[in-house]
Each structure stands twice: as structure tokens, then as C-alpha cells.
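# Structural description and commentary
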Amino acid sequence: KKYLDESSERKRLYNEMIELKGNIRVFCRCRPLNQTEISSASGSVVEFESSLDNELQVICSDSSKKQFKFDHVFRPEDNQEAVFAQTKPIVTSVLDGYNVCIFAYGQTGTGKTFTMEGTPENRGVNYRTLEELFRISKDRGGLMRYELCVSMLEVYNEKIRDLLVDNTNQPTKKLEIKQCADGTLDVPGLVQERVYGFEEMWELLKSGSQARSVGSTSANEQSSRSHCLLRVTVKGENLINGQKTRSQLWLVDLAGSERVGRIDVEGERLKESQFINKSLSALGDVISSLASKTAHIPYRNSKLTHMLQSSLGGDCKTLMFVQISPSASDLGETLCSLNFASRVRGIESGPARKQA
Ligand code: ADP
């Protein structure tokens, strides 16, 4: 009874929130200056208004200031707990039957992996989310039965690679997106591991992360050039009324968004950049079409958006972290990322407000 009351109250509050704001959220997170940036003394070009937690200003090269607003802005001093506190209601709603997608977008080195994966001392969104899902599902044990399965994959040069399969001594299985009988999309052949506890799941995902760097000359290099996707499928059964739910949560660490000039790179690297460019702009187009409620949503323009089709749009919830660097040396990329994020959210950015 308590759970049912809580659940319907949550649904009511959620529906109210949707009416007010839609179901796409954009959070911006600015990392701290690193040691090199501190010693070069070029300083930060990102400023925060002390009383506001949803806007920031960037000092442009001509000293003008540009203001950006998001659903929430995390500052360099905000820790992983603070980030998860804002994220938790969205991710845990997967247990109430909602499909959820969370992305980390930004230039390489701005903290995408820090936000999603984190470090053993500073656990990120993925770890905290999975821990929370198991905790809540145990709490609701007498009323709901949940079945959780995980998959982990990588999209590199528009090819899908299963990270839960040991690919070292065998040719990589070719994976494609297919439409199921019920109209949803899936990747047949992708490993879907049933997991019974948090520790077991975490070990599995650690091996998936290791598989990510296999075959590349440098782990960092490869991981910044591919999208890494973690999928949690949740099947729920209400033990009182027999009602069943099936939902998916996607946690996505995107490839670095930095632009590489044709002059700087050629061959393999240029091809990689074109693929990344194409898929990130496809993602931007899909989210902005959803935000502006356009009739045609261009899901099929990239593997990434096509695969996520069933979890983007409708009453699915989408959260994008746009990660930025405060450093003057990254100003160009920072403005690009902030403009991209403002565009997907359908929010206009503008010159800074005049200070009184
Ligand atoms: P990306 O995944 O975008 O390439 P990383 O997550 O690897 O970037 O972050 C680059 C470096 O900055 C890492 O050493 C990371 O630990 C550090 N870092 C990023 N964000 C933060 C933060 N909010 N607080 C402290 N360190 C951070």
C-alpha cells in the first residue's frame, strides 16, 4: 500500500513536471582547472552567478560575456554526490517503467568519463545508479519482482562491438540493429547478462570497460573516439495486481566532440572524426526535434540514434550532461559545446545580463 501510494504520488509529481518542462533535461558540468592550466596562469573563462544554480557566463576573446542557461549547472567544486542527487530521480524512474537515456557530451578531457564512470574514490553516475536500482528493487521486494539484465557495447566508426564478449581470439561478431515484432528495436546477438546483485554486475562491467581498449594502441585514444553504451533492461511485475513493466536505461559516454581540421589529420583519423561528427550531430538533431515536437524525428541518420530510438521520445526521459573545461585555452570548444547543448534544449543563449 505504502509503495503504491508513493509510486502514484511520484507519477503525479512527474507528470506535473513534464507539463512544465518537457522530458528532456540538460545539465552542464564544468571541471576544475587542472595543474597544467593552473601553472600556465591563463585562468578560467567560465563564471557562475553565486545565487543561481542554472546559469553560467563565458568570457569570450573580445572580453564580451555570453550567458547560458540549463536545467542545472554544476561548478568545479560540486562533487559526485551533488551530481547524483540531481540525477537520481530520473534514473530510478526506470523502475516505474520509464525508458531513460543519459548522455555525457563534450570535448575530450572535460570529464565525461569522470561523470559517468568516475574513479574508485569518486564513483560516478553509473555506479551510483546501479547501486540505487538494486537497493530500491530490494526495498520493494514484497510488492514488486524485478529482473535486471545488462549489456555493454561500443560504437566505433558506425560499427557496433559487444563489450561483454571476449573478442580477443575470435573475429568480431557483426552486430546490426533489427526491428522486433512489437515494433521496438534491438541488436540481436548482443550479450544480455541477467544479474542478481550489484557486486556481480559491477565486476561484469569492469571487464567490459577493459575490453574497450583491446586492440587499440592507446586506451585513452580509442575511448575518446568511440561511444560507450551501457544498457540496463528492467522487467518488473507487480505482485499485487500482476501488472508488468519493461523498460530500459541507457548510460552513454559519448566520443569526444572536438573538431579536428582536415589539415591536421588524414586517413584513419579523418574517417573517425567524420563518423563522430555525423553521429553527434544526428543525436543533436534527434533531441532538438523531440524538444520542439517536430513530426519527423531523424533517428535513422546514425547507428547511435537508431539504436536508441525506442528510448528517446514519447514519454522516455532524456538527460544530457554537457561537460566543459574552464580553461581559456579551450574557449572555442567550450562555446561549441554550450551552443550545441542550448540548441538541443531549444533554449536561446544570449549576451550576459547587465550587472546592477
Ligand atoms: P573525458 O572523458 O571527457 O575525456 P575525463 O573524464 O577523462 O574526460 O577527465 C579528464 C581528467 O579530468 C581526468 O583526470 C578526471 O579525473 C579529471 N576530472 C574531470 N572532471 C573532474 C571533476 N569534476 N573533478 C575533478 N576531476 C575531474
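A brief report on the enclosed structure follows. Quantities reported herein were computed from a predicted structural model and do not represent experimental measurements. (Residues numbered from 1 in each chain as written. Predicted model: local features only at pLDDT ≥ 70, side-chain atom pairs only at ≥ 80, totals over all residues. Heavy atoms only, no water.)

## A short note on the site of the ligand
Stated formally: Any residue with a non-hydrogen atom lying within 4 Å of a molecule or strand is treated as near it. Polar contacts, as counted here, are pairs of nitrogen or oxygen atoms within 3.5 Å of one another; within protein the pair requires one atom able to donate a hydrogen and one able to accept it, and residues that are adjacent in sequence qualify only if both atoms are side-chain atoms. Here the Shrake-Rupley method, with its probe set to 1.4 Å, supplies the accessible areas, and only the displayed protein chains count as covering residues. Helix numbers and strand numbers start at the N terminus; a helix is a DSSP run of H or I with at least 4 residues, a strand a run of E with at least 2.
With respect to spatial proximity, the complete set of residues near the ligand consists of R29, R31, P32, Q107, T108, G109, T110, G111, K112, T113 and F114. At 2.8 Å, a side-chain N or O of T113 approaches an oxygen atom of the ligand. Taking F114, its main chain carries an N or O atom lying 2.8 Å from an oxygen atom of the ligand. Notes on the ligand: free accessible area 560 Å², of which the protein chains cover 64%. No other element matches helix 4 (residues 112-116), which puts three residues into the shell around the ligand.

## Some words on the nonpolar core
As a reminder, the rule being used: In this text, buried Ala, Val, Leu, Ile, Met, Phe, Trp, Tyr and Cys residues form a nonpolar core when linked through side-chain atoms within 4.5 Å. Each residue is placed in one exposure class: buried if its accessible area under a 1.4 Å probe, protein chains only, is under 20% of its type's maximum, exposed if it is over 50%, and partly exposed if it falls in between. In this description, contact between two residues means that some pair of their heavy atoms is separated by no more than 4.5 Å.
Residues L56, F103, L229, M307 and M320 are the most contacted members of the largest nonpolar core, which totals 49 residues. Not counting the four nearest positions on each side in its chain, M307 is found in contact with L153, V155, I160, I177, V187, L229 and W250. Residues F84, L95, L164 and L251 belong to the second largest nonpolar core, which totals 43 residues.

## Structural notes on helix 10 (residues 331-345)
Definition in use: To estimate how far a helix should extend, the number of its residues minus one is multiplied by 1.5 Å.
In this model helix 10 runs 21 Å from its N-terminal to its C-terminal C-alpha over 15 residues, within 8% of the 21 Å that 1.5 Å per residue would give. Burial analysis of helix 10 places 11 of its 15 residues in the buried class, the great majority of the element. Within helix 10, the full set of buried residues consists of L331, E333, T334, L335, S337, L338, F340, A341, S342, V344 and R345.

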